[in-house]
Amino acid sequence: MFLLWALPLALYLLYRWSIATYDYFEKRNIPYVKPVPFFGQVWSFFTQEKHAVDVASEGYHMFPNTRISGVFTLRTPAYLVHDPALFKEMAIRDFDHFTDHVTQLSLEHDPLLARSLFFTNGARWRHHRSGLSPAFTGSKIRNMFVLLSKSAGDAMKRLVVFARGKPFAMELRDLYSKLGNDAMTSISFGVDVDSLTDPDNEFFLKGKRLAQIDGLPGLKLLMTTILPGLFKFLRLGVLYKDVNEFYLEAVSTNIRYRERNLIKRPDFIHLLLQARRNELNSEQTEDDALESAGFSTAETHTVEQRGATGETLQWHDVDITAAAASFFFGGIETTTTVLCFTSYELAVNPPIQERLRAEIDSARDELIDGATPTYEILQKMKYLDMVVSETLRRWTPFGLTNRRCTKDYTFTNTDGTRVTIEKGLNVSIPLKSFHLDEKFFPDPLRFDPERFADPNNINQDAYVPFGTGLRNCIGSRLALMQAKCFLFYMLSNFIIQPGSKLTIPLVLDETSAGLNAKHGFWMNLVPR
């Protein structure tokens, strides 16, 4: 008899506990997405046939007349920013209120990711960001561009030989991931590989596992943002253990070899070793002329090393490995995504491809060998920059970013009410929603590089492919120059046409943590 009434009572009390916080936004007169008991919005990530970015951004479209809306992760309230100008204020002027990202990873179980810039917070982030910034100046990227261009050029020669003068079909994500792996392995780890002819080389196989954002790794990555404390509490790791061990061993061995043989090479390992010795500095005079890699280049901000607890943070081998691995990931995943979607748009918009090819052919006339692009030549290519900029707008590689409120923050909402975001709460910023909002970009689903013909016509608060503020993407110059370099070589040698297996319009893979086509990017490559 006791169980007959005790079990229903326990379930009822559990239910009441699960919804006890759900009046949080109503009390504050803030519109919010209706939560599911026990789960909040988390339930929608697994039940709705939408990409995770679109689920997290639902409030943006439900409540168009507010600067911010609310959402619940399980029982915990969180915010979604609707106003790009508010995001800019949070990211720059009021950065002290939003210094951290939300993810909490274990240094023990995720030795590489937990030390990478995106996932670090507090004093460790300030130390690494200020230490790495000189490695990403224009002159440093130009020096590394020599390695990048050689890797891409050699790979393209092999692809031309493979074609034998005849059109052939190829899935471009596979192609670009191999090109990106080879270029970033050279730049990040100081090792030259050829993944086109030797796809079983260990750096490519481990690189695929490092950069994997679908399947189990993608789910883990997604859960680090939905339930950030869970991984640290359960002592779980996102990356595979063998991937961590492989790169730690590879980088440590590389460092020892360089130190014994006094080897200097213009790559990340060399720059990070300079950072370890406090010898890494900006070359300001030269950087001014090389600063811009295009309209989308993220603005550089100075980060002061303050607020530390007295601990002196050093660049140990594991820190160098983590930095190199994180930029390897960015160089493969982000750049591959940009290249795939650019190639798709060029294939289905032949006039745009023809105009871009004409610009490339004109630029080749200025080159000594008529084939190998220089950093400065790519800087001058206006239409190439317009095409890449529009791809980043239409197909934002990572459509959502986040911040954790580290100090109570008060601002005025659209209706004149004062809103206070309390310390400890998470804030999401829907970059994709900004880019596809017709208020900022008329006819937003149309691919139109002409939007960027005059930068003054672009709402630069709403155009944030690499984020904004002090926690923007430090590697935007490298990502842009890598994408442009690959496109330069590709269109110099091939015409890109839709393949018979290409789905038009593209169907996105809703299970991927990043941006990908469900059925691949199948194209016909026609030798010129």
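Check the entry above for the structure.
(A) Main features of the pairing of strand β5 (residues 409-412). On β5, burial follows the alternation: Y409 and F411 on one face are buried, whereas T410 and T412 on the facing-out side are not. With four bridges joining them, β5 and strand β6 (residues 418-421) adopt antiparallel strand pairing. Counted as the bridge partner of F411 is V419 from β6.

(B) Expanded view of the side chain of K206. For K206, the position within the fold is in helix α10 (residues 202-210). A distance of 2.7 Å separates a polar atom in the side chain of K206 from a polar atom in the side chain of D242. In this structure, K206 is in contact with D242, V243, F246 and Y247, ignoring residues within four places of it in sequence.

(C) Seen up close, the pattern of salt bridges. Tallied over the entire structure, the rule returns 35 salt bridges. In this structure, the salt-bridge partner of K27 is D23, at a minimum N-O distance of 3.4 Å. D23 gets classed as partly exposed once you look at its relative accessible area, which sits at 31%.

(D) Geometry of the side chain of R471. Within the secondary structure, R471 is located in the loop between α20 (431-435) and α21 (476-493). No salt bridge forms around the buried R471; measuring N to O, its nearest opposite-charge neighbour D100 is 4.2 Å away. Looking at R471, its side chain comes within polar contact range of the main-chain oxygen of F118, at 3.3 Å. There is a polar contact of 3.0 Å between the side chain of R471 and the side chain of N121. Not counting residues within four places of it along the chain, the set of residues in contact with R471 comprises F95, T99, D100, H101, L117, F118, T120, N121, W125, R129 and R403.

(E) Local environment of the packing of aromatic side chains. One pass over the full model with this rule turns up 32 aromatic pairs. Considering the side-chain rings of F268 and F327, the 5.5 Å spacing of their centres and the 25 degrees angle between planes classify their relative orientation as stacked. Note that F268 is positioned in helix α14 (residues 268-276) and F327 in helix α16 (residues 317-348), a separation of 59 residues in sequence. For the pair F268 and F327, one class covers both residues: buried. Members of the aromatic cluster, joined through ring pairs, are Y22, Y24, F25, Y32, F72 and Y79. One residue, R28, lies across the ring of Y24, its end atom 3.6 Å from the ring centre.

(F) Broad picture of the nonpolar core. In this structure, Y79, L132, Y247, F268, I421 and L525 are the most contacted members of the largest nonpolar core, which totals 144 residues. Considering each element in turn, this core owes the most residues, 16 residues, to α16. Dropping the residues within four chain positions of it, L525 is found in contact with L159, K166, P167, F168, L172, L175, M490, F494, I495 and I496. In terms of nonpolar packing, the next biggest core, distinct from the first, is built from eight residues, V42, A52, M223 and I226 among them.

(G) How the structure looks around unusual backbone geometry. Omega for the bond connecting I504 with P505 falls within 30 degrees of zero, at -5 degrees, which places this linkage in the cis form. As for its position among the elements, P505 is in the loop between β8 (494-498) and β9 (522-527). At F38, a position not held by glycine, the phi torsion is positive, near 75 degrees. Along the chain, F38 falls in the loop between α2 (24-27) and α3 (42-47).

(H) Broad picture of the sheet that holds strand β3 (residues 168-171). The strand order β3-β9-β8 describes an open sheet built from three strands, whose pairing is antiparallel. Looking along the sheet, the strands with just one partner apiece sit at the ends: β3 and β8. Within the sheet, the average angular offset between the axes of one strand and its neighbour, ignoring direction, is 35 degrees. Contacting β8 and β9, α21 crosses the sheet at an angle of about 90 degrees to β8.

Each value, and the rule that gives it
- Residues numbered from 1 in each chain as written.
- Predicted model: local features only at pLDDT ≥ 70, side-chain atom pairs only at ≥ 80, totals over all residues.
- Heavy atoms only, no water.
- Buried < 20%, exposed > 50% of the residue type's maximum accessible area, 1.4 Å probe, protein only.
- Helix = DSSP H or I, 4+ residues; strand = E, 2+ residues; numbered from the N terminus.
- Pairing = 2+ DSSP bridges.
- Polar contact = N/O pair within 3.5 Å; in protein donor to acceptor, adjacent residues only side chain to side chain.
- Contact = heavy atoms within 4.5 Å.
- Salt bridge = Lys/Arg side-chain N within 4 Å of Asp/Glu carboxyl O.
- Lys, Arg positive; Asp, Glu negative; His and termini not counted.
- Phe/Tyr/Trp six-rings, centres within 6.5 Å; stacked < 30°, edge-to-face > 60°.
- Lys NZ or Arg CZ within 6 Å of the ring centre and 35° of its normal.
- Core = buried A, V, L, I, M, F, W, Y, C linked by side-chain atoms within 4.5 Å.
- Axes fitted to C-alpha atoms, helices over the stretch in contact; angles between N-to-C directions.

Nothing here speaks to function; it is all geometry.
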